[in-house]
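Listed below, chain by chain, are the residues.
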Amino acid sequence: MVVLADPGHVAQGGRAVVAGSGVDAREIYHAGHPKGTAYDGRVETANAAIARPQRFRVTGGARLAGDVQVTGAKNSVLKLMAAALLAPGVTTLSEVPDILDVTIMSELLRRLGCGVHRDREAATVTIDVPQKVEHRADYDLVRRMRASIAVLGPLLARTGEADVALPGGDAIGSRPLDFHIAGLLKMGATVENEHGFIVAKAKQLTGATIWLDFPSVGATENLVMAAVLADGCTEIDNAAREPEIVDLCVMLGHMGAQIEGAGTSTIVIVGVDSLRPVSHTTVADRIVAGTWAMAAAMTLGDVTVHNANPAHLEIALDKLVTAGATVDRVDDGFRVMMDRRPTAVDAVTLPFPGFPTDLLPMALALNAVASGTAMVTENVYESRFSFVNELARLGADIRTDGHHAVVRGRPLLSGAPVTTPDIRAGAGLVIAGLVAEGETIVSEIHHIDRGYPKFDEQLRVLGAKIVREDDPAAGFG
Ligand code: EPU
C-alpha cells in the first residue's frame, strides 16, 4: 500500500500505453439483444456490428451536403450518469447518444447496485439508484473508458468511500489524476493508491478552497460532485468552463445542489444534506457538431448541423470562416457552406472557450488539403500528434516539433490503409479519406464508435461513400 503524501503519487506520467483509450471490441459481450432493453450483469454492445473488429472503407471525392442531427454529448452524459449516484431514486437522462461508452458506464452503474434501463429508440437512460450503493469501480471497466473516474467524487460523497481503479495512460497522453486527488485531500478525504486502485475515504467531506493548476474538465466535475454533499462551502478556482461542466451543474442544481459560477473560472458550491433524482436532457455534442462543420468545409460541401449550439464552437467556426467557408446560424444549429479550396488556417488548442483539443485531428486534416501552410499547436495533451503518421500515410505533409505541427496543404490526399489510435483521430482520418483520391481503409473503428453515433450512416446520408465491414486483417476468431 502506498500512502499518498502528495497527490503526485498517482500521476502516471510516462506510463506505457497498454490498453489504449478504447474498448477492445473482442472483449465486449455480444448476444444479439433486442433493442431498448437492459441486460443486467453483462456488457452489451452499443452497436451489434462492433462485436467483431471492423473497419471503414471510404471512397474519396464525395461532397457532403444535406442535414445532420447531433445528439447529446458523450463527455456530458457519462458525467450525468455518474451524478445520478448522488441521489437515491430514478434519474432519467434524455438525448443519450447511442455510443459504446454509454454502454460501459451503464455496466459500471449496474455493478454499483443501480438498475439501468436504456432505450435506444427514445435515446434515454433511466438509472434507479438504491439507498445503499457499492463503492468499487473495477479495472476491467475503467481501463476501457477512463471517464469511469467520474464516479470517484459522487461515490465518496454518497458512501464515504470510493475504490476506483486507476485508468492508466492512453494514446493521447499520460493523463494523471493529481488534481482530482489534491482537491479531495483538501476536502478532508484520505486518499491512497492500493494495488492499482485509488482508495478515497471520508466520513464527511468538508468544504474547501481549491485551486486547480490547470482547468481540468474531469477534476472540476469530480470535485463539484464531491462538494455538493460536503459540509460547508467549496470554491474551485481555475475551474474548467466547458459547456459539459455547465450541463452537469444545471442537472445538479435541479437535484437540489447549491452551485454558483458554472461556466466561469470560479465555481462556488454550498453543500446540502441530500439530493433528489431528476429528469435531464443532455447538452448537444459540440465536438460531433464541430466534426461535421470541418468535414463540410473540407469537402466543399453544404451541411446544416441541427441540435448544435454555435456559441459552444465559436473559435472553431470562426476558423472555418477564415478558411473561406460561410457559416450561418439556423434555428437549432448552423449551416456550413464552402465553394472553394480552403485557405490554411492556424489553430491553437486550449481549454474552453479555446479551440477544442478534440477537434485538433480535424484541423490537421483540413489544413492538409488547404492552400498554404498552417501552424497547429496542441496545448492539452502531450501525445495528441501521435496519429499524424497515419495522416502522412494519406499523403498529408505534416511536420511536428514538440507541441507544434506545421501543415503544408496539398490539393488532394491519396487513399491508403490507416489505423486509428483514438476516437478523434479516427474521425479525422475518415474525413481525410473523403478528400483522398481512391480508397482509404480505416481500421480499429471501435474507437470511433465510442464517440460518434452512427457515424457511417450519417456520412452516407450526406453523400459520402463509406462502408462498414469486418476487418479480416484483425485476425478475429
Ligand atoms: N491533467 C492532469 N492532472 C489531472 C487532470 C488532468 O495533469 O488531475 C491534465 C491531463 O493529463 C491533460 C489536461 O490536464 O493533459 C486536461 O485534462 P482534463 O482533465 O481537462 O481532461 P479529461 O477530463 O480527462 C475531458 C474529455 C476529453 C477532452 C478533455 C479536454 C471526457 C470523458 N473526456 O477529459 O475528451 O479531450 O476533457 O477537453 O470528458 C474525447 O472525447 O475524445 C476526449 C479525450
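Asks: Explanation requested: the pattern of salt bridges in the structure shown.
Replies: Where charged atoms of side chains with opposite charge meet at close range, the side chains can pair. Within the structure shown, the criterion is met by 21 salt bridges. We note a salt bridge from R450 to D101, for which the minimum N-O separation is 2.8 Å. Of this pair, R450 sits in helix α13 (residues 446-451) while D101 sits in helix α2 (residues 100-111), placing them 349 residues apart in sequence. An identical accessibility class is assigned to R450 and D101; each is buried. When salt bridges that share partners are traced, they join R55, R57, E439, E469 and D471 into one network.

Asks: What should I look at first to understand the nonpolar core in this one?
Replies: In a soluble, globular protein the nonpolar side chains are often hidden away together inside. Residues L86, V151 and L252 are the most contacted members of the largest nonpolar core, which totals 81 residues. Residues contacting L252, with those up to four places away along its chain left out, are A83, L86, V224, M225, V228, A257 and I259. Residues A293, A295, V369 and V376 belong to the second largest nonpolar core, which totals 72 residues.

Asks: It is not clear to me how helix α7 (residues 243-254) should be interpreted in this structure. Could you clarify?
Replies: Residues spaced three or four apart along an α-helix face the same direction, because each turn holds 3.6 residues. The first and last C-alpha atoms of α7 sit 17 Å apart over 12 residues, in line with the 16 Å expected at 1.5 Å per residue. Of the residues making up α7, those classed as buried are P243, E244, I245, D247, L248, C249, M251 and L252. Count one or two residues on from α7 and you reach G256, which has phi positive near 115 degrees.

Asks: Just to check I follow, could you spell out the sheet that holds strand β26 (residues 439-443) for this structure?
Replies: What holds strands together in a sheet is hydrogen bonding between their backbones, with the strands either parallel or antiparallel. One open sheet accounts for 4 strands, arranged β24-β26-β2-β27; its pairing is mixed. The outermost strands of the open sheet, each flanked by one partner alone, are β24 (417-419) and β27 (465-470). Looking at each pair of strands side by side, their axes are set apart by 25 degrees on average, direction ignored. Sheet topology places strand β2 (residues 54-59) next to β27; 6 bridges connect them, and they run antiparallel. In the strand pairing of β27, T59 is matched with K465.

Asks: Please clarify how the packing of aromatic side chains should be interpreted in this entry.
Replies: Within a pair of aromatic rings, the relevant descriptors are the distance that separates the centres and the angle that separates the planes. The final tally for this structure, using the stated rule, is 2 aromatic pairs. Taking the centre distance of 5.4 Å and the plane angle of 40 degrees together, the rings of W292 and F455 count as tilted. A residue pair is termed long-range when its members are at least 10 positions apart, and W292 in helix α8 (residues 286-298) and F455 in helix α14 (residues 455-461) qualify at 163 residues. Exposure class is identical for W292 and F455. Each is buried. Centre to centre, the rings of Y452 and F455 are 4.8 Å apart; their planes meet at 45 degrees, and the pair counts as tilted.

Asks: Got a minute to help me understand the packing of helix α1 (residues 74-83) against α2 in this structure?
Replies: In helix packing, the relevant descriptors are the interaxial angle and the interaxial distance, both defined with respect to the helix axes. α2 packs onto α1 with a crossing angle of 10 degrees between their chain directions and a minimal axis gap of 10 Å. The pairing of α1 with α2 is recorded here as roughly parallel in orientation. Residues K74, V77, L78, M81 and A82 of α1 lie in contact with α2, whose contacting residues are D101, V102, M105, S106 and L109. By residue class, the composition of the contact of α1 with α2 is 7 nonpolar, 1 polar and 2 charged.

Asks: Honestly, the environment of Q69 in this entry has me stumped. Any pointers?
Replies: Within the secondary structure layout, Q69 lies in strand β3 (residues 65-69). The class for Q69 is partly exposed, based on a relative accessible area of 46%. For the pair Q69 and V305, spaced 236 residues apart in sequence, the C-alpha to C-alpha distance is 6.0 Å. The contact partners of Q69, leaving out residues within four places of it in the chain, are H306, N307 and Q458.

Asks: What's the story with the side chain of D456 in this structure? I'm lost.
Replies: Along the chain, D456 falls in helix α14. Within the structure, D456 has its side chain in polar contact with the side chain of R468 (distance 3.1 Å).

Asks: In this structure, what is going on with the site of the ligand? I would like to understand it.
Replies: Around the ligand, a shell composed of 21 residues is seen, among which K79, D178, F179, S216 and V380 lie nearest. Between the ligand and K79 there is a distance of 2.7 Å, counted from an oxygen atom to a side-chain nitrogen or oxygen. In this structure, R424 approaches the ligand through a side-chain N or O atom, which is 2.7 Å from an oxygen atom. Compared with its free state, where it exposes 830 Å², the ligand has 87% of that area covered by protein. Elements that contribute at least two residues to the shell around the ligand include exactly α1, α5 (178-186), α6 (217-227) and α12 (423-434). Its residues placed into classes, the shell around the ligand shows 10 nonpolar, 5 polar and 6 charged.

Asks: How should α8 be read in this particular structure?
Replies: Here α8 spans 18 Å end to end across 13 residues, near enough to the 18 Å set by a 1.5 Å rise per residue. Here α8 lies mainly inside the structure; 13 of its 13 residues are buried. Put simply, D285 is the residue that caps the front of α8, since its side-chain oxygen is 3.0 Å from the backbone nitrogen of I287.

Criteria and thresholds
Residues numbered from 1 in each chain as written. Predicted model: local features only at pLDDT ≥ 70, side-chain atom pairs only at ≥ 80, totals over all residues. Heavy atoms only, no water. Salt bridge = Lys/Arg side-chain N within 4 Å of Asp/Glu carboxyl O. Helix = DSSP H or I, 4+ residues; strand = E, 2+ residues; numbered from the N terminus. Buried < 20%, exposed > 50% of the residue type's maximum accessible area, 1.4 Å probe, protein only. Core = buried A, V, L, I, M, F, W, Y, C linked by side-chain atoms within 4.5 Å. Contact = heavy atoms within 4.5 Å. Expected span 1.5 Å × (residues − 1). Pairing = 2+ DSSP bridges. Axes fitted to C-alpha atoms, helices over the stretch in contact; angles between N-to-C directions. Phe/Tyr/Trp six-rings, centres within 6.5 Å; stacked < 30°, edge-to-face > 60°. Parallel < 35°, antiparallel > 145°, perpendicular 65-115°, else oblique. Nonpolar A, V, L, I, M, F, W, Y, C, P; charged D, E, K, R; others polar. Polar contact = N/O pair within 3.5 Å; in protein donor to acceptor, adjacent residues only side chain to side chain. Near = heavy atom within 4 Å. Areas by Shrake-Rupley, 256 points an atom, 1.4 Å probe, with all protein chains shown as cover.

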